[in-house]
Amino acid sequence: MKQITFIFTLALMAGCLFHSTANAVTTVDNVIKDPTDIPAPIKRLRTASVTVNLEPKEVLADIDGSGVKALVWTYNSTIPGPMVRVMEGDTVTVNLINDAENAKYHNVDFHAAMAPGGGAVSTSAAPGQTKTFTFTASRQGTYVYHCAGEGKAWSHIAHGMYGLIVVEPRGGLQKVDHEFYIGQNEWYHTPPLDGSELDLGLPAGTLMLDESRALLENPTFVSFNGHKNAIADPLLFGNKMHATEGDTVRFFFTSGGPNVGSNWHIIGTIFDKTYQGHFKDFLRNQETEYVAPGSAATFELTAPTPGRYLIVDHAIYRVSNGALGYLIVDAKGSNPL
Ligand SMILES: [Cu+2]
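Description of the overall build of the protein chain
Helix and strand content of the protein chain: five helices and 23 strands. Taking 337 residues into account, the globule formula puts the C-alpha radius of gyration at 20 Å, and the protein chain, at 21 Å, falls close to it. With respect to the principal axes defined by its C-alpha atoms, the protein chain has extents near 85 × 45 × 40 Å. Split into buried and exposed, the 337 residues of the protein chain put 45% on the buried side. Taking as baseline every contact in the protein chain between residues at least 6 positions apart, the subset at least 24 positions apart corresponds to 74%.

This is the structure in structure tokens:
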């Protein structure tokens, strides 16, 4: 009997140790996505096989500049996750590599894929598992991808798990001088009042997803590229997006949500073209264009008179709450960087 008790105690201890390891959450400074971190444009005429590695990672990161860390879930440690770039007709193989230190199942739903769950069914992976899903990118356009782990897409998106895939036409999109990548999502993270962060072994006051607040669609703040000031603060990426007067500029933009779309606008400009579906179907001279939560769009403009241009969600109170960035247009012949 003593021996059985001893073995049981050992098993319990091992369980606790394993539990502790499974919930070791890495702390990072932030999860900001560099808006210039974009794959090279498509130039080929023939279809190809493209491999995409998505690595869910649960981390503690600063998302609002307060210095208080939040529990967020990412693809490849940034929000939004990496931009994926393929050509219409390509075969896309997605490896969903769920980090062994994560606590949750994760997966990916590609809106560019037409398959059960957009791939979420085949890629659902436990911590430490890798799952693979292959689809044909049969329809050109700009699409969101997001996590639907545990059957709770709402919770996984609200933790930050989304990104963008562009499916370009044969030969690629028309060449432009600059391309940028921006993802908008809103946050419902607050310090829990019930001590639930302590139950998870996280520091007291860690900002955690407040599900009741998310249900009420009452965000604490909005962010571009994973942080309240990511593309507004010059010490982060607020001085990163430059173009010279007359340059052609393209933005790949996605609204992660989970609940709120973006009324995307760059103050002082008019878009040459905006695309929400097929690249042959665009609107000209749009000022503000709505990008629904769980979707993506492509915007093109010609850089106007030199100056600093405000990138906003024109549901305008959101600007004071984080939906702000800068495009800087430089004079010809200047050397701004
Ligand atoms: Cu997930």
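So much for the structure itself; the text now carries on.
Remarks on the sheet that holds strand β18 (residues 273–275)
Ordered by their spatial adjacency, six strands build an open sheet running β14-β11-β16-β21-β18-β19, and the pairing between neighbours is mixed. The open sheet has two edge strands, β14 (221–224) and β19 (282–284), and neither has a second partner. Pairwise comparison of adjacent strand axes, ignoring direction, gives a mean angle of 20 degrees for this sheet. When strand β11 (residues 178–187) meets strand β16 (residues 248–257), the two strands line up parallel, connected through eight bridges. Note that in β16 the partner of Gly183 across the bridge is Thr254.

Some points on the sheet that holds strand β3 (residues 56–61)
With mixed pairing, the three strands of this open sheet are ordered in space as β1-β3-β4. Looking at which strands have only one partner, the edges of the open sheet turn out to be β1 (26–27) and β4 (70–75).

Overview of the pairing of β3
Working note: regular strand, side chains alternate between the two faces of the sheet. Most of β3 sits inside the fold, with five of its six residues counted as buried. Taken together, the two bridges between β1 and β3 define a ladder with parallel strand orientation. Residue pairing for β3: Thr27 is matched across the bridge by Leu60. Note that β3 and β4 share six bridges and pair antiparallel. Opposite Ala61, over in β4, you have Ala70 as the bridge partner.

Looking at the domain arrangement of the protein chain
Along its sequence, the protein chain is carved into domain 1 (26–175) and domain 2 (179–330). Relative to domain 2, the C-alpha centre of domain 1 lies at a distance of 17 Å. Opposite the 39 residues of domain 1 that make contact, domain 2 presents 43 residues. Elements represented by at least two residues in the side of domain 1 that touches domain 2 include exactly β4, β9 (141–146), α3 (153–158) and β10 (162–168). The dominant element in the side of domain 1 that touches domain 2, judged by the number of residues it contributes, is β9, at five residues.

Here we look at the nonpolar core
Judged by nonpolar contacts, the single largest core of 84 residues is most densely connected at Val72, Val108, Leu164, Ile165, Ile231 and Phe253. Split by domain, this core shows at least three residues from each of two domains, domain 1 (26–175) and domain 2 (179–330). Excluding its chain neighbours within four sequence positions, the residues that come into contact with Leu164 are Pro80, Met83, Thr142, Val144, Tyr181, Gly183, Phe252, Thr254 and Ala296.

A look at the pairing of β9
Burial of β9 is extensive: six of the six residues sit out of reach of the surface. Neither face of β9 is left uncovered, since the one carrying Gly141, Tyr143 and Tyr145 and the one carrying Thr142, Val144 and His146 both have all their residues buried. Strand direction decides the pairing type here: strand β7 (residues 109–110) and β9, joined by two bridges, are antiparallel. Its bridge partner being in β9, Asp109 is matched across the sheet by His146. Of the pairings in the sheet, the one linking β9 to β10 comprises six bridges and is antiparallel in character.

Rules behind the numbers
Residues numbered from 1 in each chain as written. Predicted model: local features only at pLDDT ≥ 70, side-chain atom pairs only at ≥ 80, totals over all residues. Helix = DSSP H or I, 4+ residues; strand = E, 2+ residues; numbered from the N terminus. Rg over C-alpha atoms; globule rule 2.2 N^0.38 Å. Buried ≥ 20, exposed ≤ 12 C-beta atoms within 10 Å, placed from the backbone. Contact = placed C-beta atoms within 7 Å. Pairing = 2+ DSSP bridges. Axes fitted to C-alpha atoms, helices over the stretch in contact; angles between N-to-C directions. Domains from an automatic or database assignment. Core = buried A, V, L, I, M, F, W, Y, C linked by C-beta atoms within 7 Å.

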